[in-house]
Amino acid sequence: MTTVDTVRAADATAPRATRAWRTLRSSRTAVVGLAIVALHIVIALLAPLLTSYDPIAGNASQALLGPGADHWAGTDQYGRDVLARVLYGGRYALGVSVAATVVSVALGTVIGCATALRGGWFDDLIGRVLDAVLAVPAVLALLVVVTALGTGPAVIVLAVAVVFVPQVVRVVRGAALAVVPADYVTAARARGEGTWSILRREVLPNIVDVVCVEFAMRASWVVLLISSLSFLGFGADPPTPDWGLMVAENRTAITVVPMASVAPIIALATLVIGLNLAADGLSKAWGVDRIREGL
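Since we're looking at a predicted model, the values are computed, not measured.

Draft legend 1. Structural view of the packing of aromatic side chains. Under the defined criterion, the tally for this structure stands at 1 aromatic pair. With a centroid separation of 6.0 Å and an interplanar angle of 90°, the aromatic rings of tryptophan 121 and phenylalanine 122 are classed as edge-to-face. We classify phenylalanine 122 as partly exposed; its relative accessible area is 24%. A cation over an aromatic ring shows up here: arginine 118 above the ring of phenylalanine 122, its NZ or CZ 5.8 Å from the ring centre.

This is the structure in structure tokens:
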């Protein structure tokens, strides 16, 4: 047996997670994207160590200052350090976005797998309900939920779930439909296993790559959507350090202190780019056809 054959044999017998990690490392796009996201996470966690300024406390005498030795990115109209607000803003953006994405993808995955496995009238009923929700524009649906229930992280997570769960269901259902006719699923049904047991043991392990790509892709859209809500005044409440809120608060003074608006835009753009690169790299490394799956 040659060296190449030995490596292939080792890959074939390695655990699924190990093979997935080896394939992932071969994708430069995925590595770069995940590195950018990881950098944002590290900066958000270490924000108190990276700046000595309070992101909320203002100082009227220090308002609208340009970049300098004391304030590297300047100050906003309330005298708050822009760099501190950008660093702490990553905590809000990542925290709420990750929570909203986890809820959306988890619910969408369970519903999508269940509809594919059960089929029949249940599949048709869920499909019609989801079509009705998808007919409403995303921003409008978000505004309706936030207006009815108020602002706050929990409400935003719920609003995002309302918008994205139907889309996740469609993608996961399409992937699960290719697994349901398999012999091992038929054998599990013949053994009398329940729906949840089949989903957990037979279906989900075989579509985990699609779910991971879906998570990365949805996360980038969730970050943008939540920032858009804050920009419109329906997301984070002042004086919460949030990138969308920072742009809204400082856009009128952009000619005086451009960094107060440009800095959060750069932070938001790099995070979204990292998530998109990660999603593209994952889909190519794991052979997920995003066009076919509807991603």
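Draft legend 2. Focus on the layout of surface pockets. What the largest pocket holds in volume is close to 240 Å³. Around the largest pocket, the lining is made up of 17 residues, and of these Val37, Val98, Phe215, Ala219 and Leu275 lie nearest the centre. For the lining of the largest pocket, the element with the most residues is helix α11 (residues 208-232), which contributes 5 residues. Each residue belonging to the lining of the largest pocket can be placed in one class, and the counts come to 15 nonpolar, 2 polar and no charged.

Draft legend 3. View of the pattern of salt bridges. In total, this model carries 10 salt bridges according to the counting rule given. The closest approach of N and O atoms between aspartate 76 and arginine 80, which form a salt bridge, is 2.9 Å. Neither residue differs from the other here; aspartate 76 and arginine 80 are each classed as buried. A salt bridge links glutamate 193 to arginine 201; its shortest N-O distance comes to 4.0 Å.

About the cut-offs
- Residues numbered from 1 in each chain as written.
- Predicted model: local features only at pLDDT ≥ 70, side-chain atom pairs only at ≥ 80, totals over all residues.
- Heavy atoms only, no water.
- Phe/Tyr/Trp six-rings, centres within 6.5 Å; stacked < 30°, edge-to-face > 60°.
- Buried < 20%, exposed > 50% of the residue type's maximum accessible area, 1.4 Å probe, protein only.
- Lys NZ or Arg CZ within 6 Å of the ring centre and 35° of its normal.
- 1 Å grid on protein atoms, 1.4 Å probe; cavity = no way out; pocket = protein on both sides within 12 Å on 5 of 7 lines; lining within 4 Å.
- Points joined across faces, edges and corners; volume = space filled by probe spheres on them.
- Helix = DSSP H or I, 4+ residues; strand = E, 2+ residues; numbered from the N terminus.
- Nonpolar A, V, L, I, M, F, W, Y, C, P; charged D, E, K, R; others polar.
- Salt bridge = Lys/Arg side-chain N within 4 Å of Asp/Glu carboxyl O.

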